[in-house]
Amino acid sequence: MTAKATAAKVTSRAADLAVSGLTKVFGTTIAVDGITLRIASGELVALLGPSGCGKTTTLRMIAGLVEPTEGDVLIGGLRVTRTPVHRRNIGMLFQNYALFPHLSVAENVAFGLEMRGVSKAAIRPKVAAALALVQLGSFADRLPAALSGGQQQRVALARAIVIEPALLLLDEPLGALDRNLRESMQVEIRQIQKRLGITAVLVTHDQEEALTMADRVVIMNGGRLEQVGTPEEIYSRPRTRFVASFIGASNFLHGRVIGHDGSGLRIALTGGGEACMSHSDGETKEVLISVRPEAVSLAALEERAQHGGSGLPATVQQVVYRGQATHVHMTLDDGAPLLAFLPNRQGEKAKEDFSPGNRVWASWPSSSNWPVADG
Amino acid sequence: MGRLSGGGGLLTYVMATAGLVFILAPLVVVVALSFSQANIATFPPSGFTTSWYEAVLADDEFRQAFLTSVVLAFAATVASFALGLPAAYALDRWQVPGARAVETVLLSPFILPILITGLALLQFMAMLRMRDASTNLFIGHVLITLPYLVRTVTASLKQVDRSLEEAARTLGASPWRVFRRITAPQIAPGIAAGCLFAFMVSFDDFPISFWLSTAERMPLPIYLQNSMSKVFDPSIATMSTFTIVTGVLAVIGLEKLVGLRRAMNV
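By convention here, each chain's residues receive numbers from 1 onward along its written sequence. Working convention: letters from A go to chains and numbers from 1 go to ligands, in the order in which they are written. Selection of residues for local features in this predicted model requires a pLDDT of at least 70, selection of side-chain atom pairs for listing and counting requires 80 or more, and totals for whole chains, interfaces and linings are taken over all residues. Based on all heavy atoms of the structure, the side-chain values leave hydrogens and waters out of the count.

**Q** I would appreciate a short explanation of the overall build of chain A in the present structure.
**A** A count of helices and strands for chain A gives eight helices and 20 strands. Each of the three principal axes of chain A carries a C-alpha extent, and together these read 80 × 50 × 40 Å. Whether a residue is buried, partly exposed or exposed follows from its accessible area with a 1.4 Å probe, protein chains only, as a fraction of its type maximum: under 20%, in between, or over 50%, in that order. For chain A, the residues scored as buried account for 52% of the 375 residues in total. Within chain A, contacts between residues separated by at least 24 positions form 67% of all contacts whose residues are at least 6 apart in sequence. Summing over all exposed atoms, chain A offers an accessible surface of approximately 16,900 Å²; the carbon and sulfur share of this is 49%. Side chains of chain A give 38 positive and 36 negative charges; the mean places of these two sets differ by 9 Å. Numbered from the N terminus, helices here are DSSP runs of H or I no shorter than four residues, and strands are runs of E no shorter than two. By definition in these notes, contact holds between two residues if any of their heavy atoms fall within 4.5 Å. All accessible areas in this document rest on Shrake-Rupley with a 1.4 Å probe, and a residue is counted as covered only by the protein chains that are shown. Charged-residue counts in this description rest on Lys and Arg as positive and Asp and Glu as negative, His and the chain ends being excluded. Taken as the charge location is NZ of Lys, CZ of Arg, CG of Asp or CD of Glu.

Structure (structure tokens):
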């Protein structure tokens, strides 16, 4: 940048987003089935789900690249359902970066400004500022093919934000990168998004990415919303069995309500043993309880009396050392699996006295019991 | 790439060499004959003279035929470009009902015997009382050159990464500007290759021109055939050399324009 050029800043004109009853039918397949969702200005929401759950189609309908069969998209309160893509003022990142191979890095970033009729003189400082923001200022004259994957996605990010979009859409943006780079890019994109206050929708099938980056996570399954909440809500209070098993690992225990006491419901577990649960949704007699493996601790069967809370007997099948934790795979007396993550403290390996064939008492605090719908 | 070895390798070398010999040797023979001092075209040539070139260049009919062929090939190429590019784009990108059928019809000159197509065209044009040979030749040539544009452009369009176009759309580019700024540069080599094929197919065409040309409007291949049936002297080889040189120039022009390697997708 020359000394004369006015120092440009990358700013944002973020807006809130609302979709209502959004539906897409391909032939006889319902890809997205009546999704209603509000995203506040400046919020980053992740659409998370297995492949084929409709998350990408939902994002593409928000972008305008796919026309909804039913429902509406509102950006900043304005209905844009029938507005063509190029008038929606959105920035989008693609899994394969989608940089224009015949244009230099600077020309790629300038493209959206050019389309908006911004003068050449005004474009230059804006492009420089956007490239500086993603720390690629010195790469302006290179062709995209000369950049690494991570650098290419940063150029794509600069290209998307330089137009001050109302909305930033991220379609599996880091899916093609290796693990370490992916993690640092997650942090970098999140920082820039927060700094500029851009409203963003991220599509991913990577639960860690969703938890790391998002203000709120939307779990999708079979074209529908399974649960919407903060990462903490989704992880600690999953609504359904699907959510509990999709985010992190979970044990599922069937049981029957046998009575009340001061602290809550008493439940007889089908695999033997008992559980207490203060959370309850009414008069259900049969319950499905989710217990996170990291809540489970193990003891010798004879010591069961010393361990309060909820618990039941189990047989160790396999012990796997995984660095941070040792994973103990067990079976219950009714044949159901049970998994415990035992943390490894530095210098000592956890509970090495458990080996396959051992009978153990698996227990956990009753506060770790969480009822889920069997969906 | 490593050297090929073993029986399969030997076979490959033999076939490649045979291919090159059969493609290039006849051209060398023709060019050599064009400098022969003999009065009939026999190989090997005897002596060296450029007198055939002087004679051919002084021949008004030859110059007229050559010019006719160049203008005709150029016009057919431009028309095929103008028709083929939008046709290929629509066939590939829009969900036009019956697109497959339309594509098959457009590409049918590839399959139908061109000599029969030419005869059918002659009868059809006679029926419509179309008597202007230039117009008839032009229409006939567009018919056989258009498939080359449609085919190469369709193939190139299929290779364009669609997310590039989607990215451009999200960045605010209207459909036309997406095509102009993003799609067109990606398919330019395919367009150029299609134009080269179209030009050479028209320039070299015999079966269509055979039916549609007249004594006043005669493309070079027809003129060559006529001359040959009168006398087979080295001037035929000289005229053929002009044809070869035109082809080479077209290829060089394409190389300068977009790079032949890209155009041929190698």
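There's plenty left to go through after this.
**Q** I keep staring at the side chain of Arg 88 of chain A and nothing clicks. Help me out?
**A** Residue and element names in this part refer to chain A. Position of Arg 88 relative to the elements: it lies in the loop between strand 5 (78-79) and strand 6 (90-93). In this structure Arg 88 is buried but unpaired, with Glu 67 as the nearest side chain of opposite charge at 8.3 Å. A polar atom in the side chain of Arg 88 sits 2.8 Å from the backbone oxygen of Val 80. Any pair of N or O atoms that falls within 3.5 Å is considered a polar contact. Within protein, one atom must be able to donate a hydrogen and the other to accept it, and sequence-neighbouring residues count only if both atoms are side-chain atoms. A polar side-chain atom of Arg 88 sits 3.2 Å from the main-chain carbonyl oxygen of Thr 81. Each residue touching Arg 88, except ones within four places of it in the same chain, is listed here: Met 61, Ile 62, Ala 63, Gly 64, Ile 75, Val 80, Thr 81, Arg 82 and Thr 83. Salt bridge, as used here, is a side-chain nitrogen of Lys or Arg placed within 4 Å of a carboxyl oxygen of Asp or Glu.

**Q** Would you mind showing me how to read a nonpolar patch on the surface here?
**A** Like-charged residues are merged into a patch within 9 Å and nonpolar side chains (Val, Leu, Ile, Met, Phe, Trp, Tyr) within 5 Å, provided each residue has over 30% relative accessible area and no salt bridge. Side chains of Leu 20, Ile 23, Leu 24 and Leu 27 of chain B sit close together on the surface and give an oily, nonpolar patch of about 380 Å² of accessible area. By secondary structure assignment, the location of Leu 24 of chain B is in helix 1 (residues 6-33).

**Q** What's the story with the pattern of salt bridges in this structure? I'm lost.
**A** Pairing is possible between side chains that carry opposite charge, provided their charged atoms lie close to one another. Overall, the coordinates contain 21 salt bridges over all chains when judged by the stated rule. The shortest N-O distance in the salt bridge between Glu 183 of chain A and Arg 179 of chain A comes to 3.7 Å. Separated by four residues within a single helix, Glu 183 of chain A and Arg 179 of chain A lie in helix 5 (residues 179-196), roughly one turn from each other. For Glu 183 of chain A, a relative accessible area of 33% gives the class partly exposed. Among the salt bridges present, the one from Arg 100 of chain B reaches Glu 103 of chain B, with a minimum N-O distance of 4.0 Å. Remark: Glu 103 of chain B and Arg 100 of chain B occur in helix 4 (residues 99-107); sequence separation between them is three residues, near one turn of the helix. A relative accessible area of 16% places Glu 103 of chain B in the buried class. Linked through salt bridges whose partners overlap, the residues forming this network are Asp 92, Arg 93, Lys 158, Arg 162 and Glu 165 of chain B.

**Q** Would you mind going over the sheet that holds strand 6 of chain A with me for this structure?
**A** Sheets are built from strands that pair by backbone hydrogen bonding, the pairs being arranged parallel or antiparallel. Residues and elements named next belong to chain A. If DSSP finds at least two bridges between two strands, the strands pair. Strand order in this open sheet of six strands is 6-7-8-3-9-10, and the pairing throughout is mixed. Sheet topology places strand 6 and strand 10 (224-229) at the edges, where each strand pairs with a single neighbour. Going from strand to strand, the sheet's axes swing by 20° on average, the running direction of each strand aside. Across five bridges, the pairing between strand 3 (residues 44-48) and strand 8 (residues 200-204) is parallel. Bridge pairing in strand 8 places Leu 47 opposite Val 203. This element, helix 1 (residues 55-63), spans strand 3, strand 6, strand 7 (167-171), strand 8 and strand 9 (216-221) of the sheet and lies at about 150° to strand 7. Only C-alpha atoms enter the line fits that serve as axes; for helices the fit covers just the stretch in contact. Angles between N-to-C directions range over 0 to 180 degrees.

**Q** Sorry if this is basic, but what is going on with unusual backbone geometry here?
**A** Trans peptide bonds make up most of the peptide bonds, and negative phi angles are found at most residues other than glycine. All names here are of chain A. The backbone of Asn 89 shows a phi angle near 55°, a positive value even though the residue is not glycine. Counting through the fold element by element, Asn 89 comes out in the loop between strand 5 and strand 6. Under the relative-accessibility criterion, Asn 89 is labelled buried at 18%. Of note, the phi angle at Glu 172 is positive, near 45°, even though the residue is not glycine. Structurally, the position occupied by Glu 172 is in the loop between strand 7 and helix 5. A residue is classified by how much of its surface remains accessible, and Glu 172, at 10% relative accessible area, is buried.

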